[in-house]
Amino acid sequence: MSKEHEKHEAGLRQVIQDRRLQQPGSVNDRMAPEFVSCSENGRECTVRYFLKPEMRNPMGWLHGGMTSAMLDMGMGLLTYYHVQMTCPTSSMTINFLRPNRIGGYLVVQSRVSHLGKKIVHLTSQAWMEDEPEHLTATATGSYVVLGKRKKEKLENSVSVNL
């Protein structure tokens, strides 16, 4: 593992931990994202969530709102890592492809597709950990950068072709 990859992994792990501990009992804390991996350049991050019984809908599957929150949180954590400030979601589109089973882990992989001065755009996909070949949901999200970013972050702003 390269030094850059180690730096991104440590940074993303820290963001996940800080966001949970900052607000005990919050959505971030109660859903408890766990770091899985990140890309060499830090533009992609994978987290997982344990699907608890209280997260189910009347049919016994993961509630769609919870699925949406997990995808939003995965993209939001990655946005926070790159911008170093909380950025509200300005738009999000989610596609539900199949139900998620309570009692297993939902894996969410998010990727920065555009890191601009005022808008960060990401894509995300989810699957059950024991069935990685079957996507259960996909999403796109845009996050608004409020306030001024650090100069070194602005100099590194680029679009990433997927």
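Throughout what follows, the structure given in this document is the object of discussion. (Residues numbered from 1 in each chain as written. Predicted model: local features only at pLDDT ≥ 70, side-chain atom pairs only at ≥ 80, totals over all residues. Heavy atoms only, no water.)

1. Describing the packing of helix H1 (residues 3–22) against helix H3 (residues 64–83)
The condition that has to hold: In this description, a line fitted to the C-alpha atoms serves as the axis of each element, helices being fitted only across the stretch in contact, and the angle between N-to-C directions of two axes falls anywhere from 0 to 180 degrees. Helix and strand definitions follow DSSP, with helices as H or I runs of at least four residues and strands as E runs of at least two, each counted in order from the N terminus. Less than a right angle of anticlockwise turn of the near helix away from the far helix marks a crossing as left-handed, whereas a clockwise turn marks it as right-handed. Should any heavy atoms of two residues lie within 4.5 Å, those residues are counted as being in contact. Ten residues, namely Ala, Val, Leu, Ile, Met, Phe, Trp, Tyr, Cys and Pro, are considered nonpolar, four, namely Asp, Glu, Lys and Arg, are considered charged, and the remaining ones, Gly among them, are considered polar.
At a minimum axis separation of 10 Å, H1 and H3 run at an interaxial angle of 115°. Relative to H3, H1 is oriented so that their crossing is right-handed. Along the contact surface, H1 presents Lys 7, His 8, Gly 11, Leu 12, Val 15, Ile 16 and Arg 19, while H3 presents Leu 77, Leu 78, Tyr 80 and Tyr 81. Per-class residue counts for the contact of H1 with H3 are seven nonpolar, two polar and two charged.

2. Observations concerning the nonpolar core
The following threshold applies: For this analysis, a nonpolar core means a set of buried residues of the types Ala, Val, Leu, Ile, Met, Phe, Trp, Tyr and Cys, connected via side-chain atoms within 4.5 Å. Only protein chains enter the accessibility calculation, which uses a 1.4 Å probe; a residue whose area is less than 20% of its type maximum is buried, one above 50% is exposed, and one in between is partly exposed.
Ranked by internal contacts, the top residues of the largest apolar core, which has 34 residues, are Met 70, Leu 106 and Val 108. Going through the elements one at a time, H1, strand S1 (34–38), strand S2 (44–50), H3, strand S4 (105–115), strand S5 (119–128) and strand S6 (135–144) are the ones with two or more residues in this core. Among the elements that make up this core, the one with the highest residue count is H3 (eight residues). The contacts of Val 108, once residues within four sequence positions are left out, are Cys 45, Thr 46, Val 47, Tyr 49, Met 70, Leu 71, Ser 124, Gln 125 and Ala 126.

3. A look at the packing of aromatic side chains
Which entries qualify depends on this criterion: Aromatic rings from Phe, Tyr and Trp, with only the six-membered ring used for Trp, were paired whenever their centres fell within 6.5 Å, and each pair was classed as stacked if the ring planes differed by under 30 degrees, edge-to-face if by over 60, and tilted otherwise. Either the NZ atom of lysine or the CZ atom of arginine qualifies as a charge over a ring when it sits within 6 Å of the ring centre and within 35 degrees of the ring normal.
This model, assessed by the stated rule, comprises one aromatic pair. On the numbers, 5.3 Å between centres and 65° between planes, the contact of Phe 50 with Tyr 105 is edge-to-face. Placement of the pair is Phe 50 in strand S2 and Tyr 105 in strand S4, with a sequence separation of 55 residues. Residue classification places Phe 50 among the partly exposed positions, given a relative accessible area of 32%. Take Tyr 105: its relative accessible area is 24%, and that puts it in the partly exposed class. The cationic tip of Arg 19 hangs over the ring face of Tyr 80; the distance from NZ or CZ to the ring centre is 4.6 Å. Sitting over the face of the ring of Tyr 105, Arg 48 holds its NZ or CZ atom 3.6 Å from the ring centroid.

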